[in-house]
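Given next are the chains, with one letter for each unit.
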Amino acid sequence: YDEKQRTKLYDGIRHELARGRQAYVVYPLIEESEKLDLRNATDMCRELNSDFMPDHRVELLHGRMSGEEKERVMGEFKAGAIGVLAATSVVEVGVDVPNASVMVVEHAERFGLAQLHQLRGRVGRSEYQSYCILMADYRRSEDARRRLKVMTETTDGFRIAEEDLSLRGPGEFM
């Protein structure tokens, strides 16, 4: 998906919320950055509130929140009190909300394959049809296009890891 399809995306989220489901919207940054012109979780939480409130509650979750605050927000999301969770990749692991059927990853080209695979795994944890939507700026790089193509072609973690190794190389041990 790209910016031109945002209205369609939000309509799709509304449709799932009307069915009693929930949605994650993940951003690469907590706050606005002078160096990077990217959507961030804090500002977008306000925008999502204006788009989805008062019918559906929207809350923010990120790694700089206190452990107590993160637990409160996740507990309310898991209980169904929050319809849309605007978050950073802090939701990548250890989160199990079977009622969540939508995962939107903003600026997906900024995430690694392992992260995208983990994020995608947050939905589809029940009998409900689930959706993972990758919002991306394809002009960034050929590597970004390849990463996102792999994510749309397979759910096989081994294939994703192989492609990640091919793209990024093995790294340095020492």
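Residues numbered from 1 in each chain as written. Predicted model: local features only at pLDDT ≥ 70, side-chain atom pairs only at ≥ 80, totals over all residues. Heavy atoms only, no water.

A. Representation of the pattern of salt bridges. Summed over the entire model, instances satisfying the criterion amount to 16 salt bridges. Glu31 is paired through a salt bridge with Arg64; the nearest N and O atoms lie 3.2 Å apart. Placement of the pair is Glu31 in the loop between β1 (22–26) and α2 (41–52) and Arg64 in the loop between β2 (58–61) and α3 (67–78), with a sequence separation of 33 residues. Given a relative accessible area of 59%, Arg64 falls into the exposed group. In this structure, the salt-bridge partner of Glu153 is Arg159, at a minimum N-O distance of 3.2 Å. Under the relative-accessibility criterion, Arg159 is labelled partly exposed at 34%. (Salt bridge = Lys/Arg side-chain N within 4 Å of Asp/Glu carboxyl O. Helix = DSSP H or I, 4+ residues; strand = E, 2+ residues; numbered from the N terminus. Buried < 20%, exposed > 50% of the residue type's maximum accessible area, 1.4 Å probe, protein only.)

B. Molecular detail of the side chain of Arg122. Mapping Arg122 onto the fold places it in the loop between α4 (113–120) and β5 (131–134). Although Arg122 is buried, it forms no salt bridge, and the closest oppositely charged side chain is Asp96 at an N-O distance of 6.3 Å. (Lys, Arg positive; Asp, Glu negative; His and termini not counted.)

C. The arrangement of the nonpolar core in detail. The biggest cluster of nonpolar side chains holds 29 residues, and the ones touching the most others in it are Tyr24, Leu61, Phe77, Leu85, Val91, Val105 and Leu116. Those residues within four positions of Leu61 in sequence are excluded, and the remaining contacts are Lys70, Val73, Met74, Leu85, Ala86, Ala87, Thr88, Val90 and Val91. Counting residues in hydrophobic clusters, the runner-up holds 20 residues, among them Ile13, Tyr27, Met44 and Val58. (Core = buried A, V, L, I, M, F, W, Y, C linked by side-chain atoms within 4.5 Å. Contact = heavy atoms within 4.5 Å.)

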